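Residues per chain, in single letters:
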Amino acid sequence: MAATIEGTIKVNVIKVTEPNFAGVYTGEFSYDDTHLTKVGTESMTVNGGNGDRPGLLSLNFRFLDFATGLTPFTYTASDGFNFPDNPVLAFENGLPIQFGFQVAPGNGGGVWGGNNGFMFVDRGIFKFVLRNGTLGGEGLVTLEINESPPPPVQENASPLT
């Protein structure tokens, strides 16, 4: 049975060039598991591009603005590089294990270019660069499902009784 699943993203920033930027940053995501086989490794995007399965419904991540690093800002899936073919949500046996999501404003190459941006890269790793490359760091990513388990079915349940 297909369902809309909701989850939370938690990033614990522990390695930074300025210690006052360490901390926990959060967000949420949702997806429709209709197209998942829940066997092995699978991946999902908003539109099913790049050979991935469709079904990513939302992604919101609260982090800092790129110019000053002082103002909280909510980034969404559509802020990502190559939207709607990205972001990518990866699964292992039906459980979300990793986001592939890069926000790289302008033409500076984002994190890879040492310029403003952030990215979820490699399993469980978050990297960021703010203030035009003068501030950066990384953190550990945790994805958790908020879904409540379905109610148990009574052993003798029957529509005919």
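These numbers were taken from a predicted model, which means no experiment stands behind them.

Conventions used here
- Residues numbered from 1 in each chain as written.
- Predicted model: local features only at pLDDT ≥ 70, side-chain atom pairs only at ≥ 80, totals over all residues.
- Heavy atoms only, no water.
- Pairing = 2+ DSSP bridges.
- Helix = DSSP H or I, 4+ residues; strand = E, 2+ residues; numbered from the N terminus.
- Phe/Tyr/Trp six-rings, centres within 6.5 Å; stacked < 30°, edge-to-face > 60°.
- Buried < 20%, exposed > 50% of the residue type's maximum accessible area, 1.4 Å probe, protein only.

1. Digging into the sheet that holds strand β5 (residues 56–64)
Taken in spatial order, the 11 strands of this open sheet run β4-β3-β7-β8-β9-β10-β11-β1-β2-β5-β6, and their pairing is mixed. Here the strands that pair on one side only, and so sit at the sheet edges, are β4 (53–54) and β6 (72–76). Two strands pair when backbone bridges link them, and strand β1 (residues 4–16) and strand β2 (residues 23–32) are joined in this way by 10 bridges, in the antiparallel orientation. In the strand pairing of β2, Thr 8 is matched with Glu 28.

2. Here we look at the packing of aromatic side chains
Applying the stated criterion across every chain, the model contains 22 aromatic pairs. Between Phe 61 and Phe 120, the aromatic rings sit 5.2 Å apart at their centres with planes inclined by 75°, giving edge-to-face as the arrangement. Separated by 59 residues along the polypeptide, Phe 61 in strand β5 and Phe 120 in strand β9 (residues 117–121) bring together distant segments of the chain. For Phe 61, a relative accessible area of 0% corresponds to the buried category. Residues Phe 66 and Tyr 75 carry aromatic rings whose centres are separated by 5.3 Å and whose planes lie at 45° to one another, so their mutual orientation is tilted. The burial state of Phe 66 is the same as that of Tyr 75; both residues are buried.

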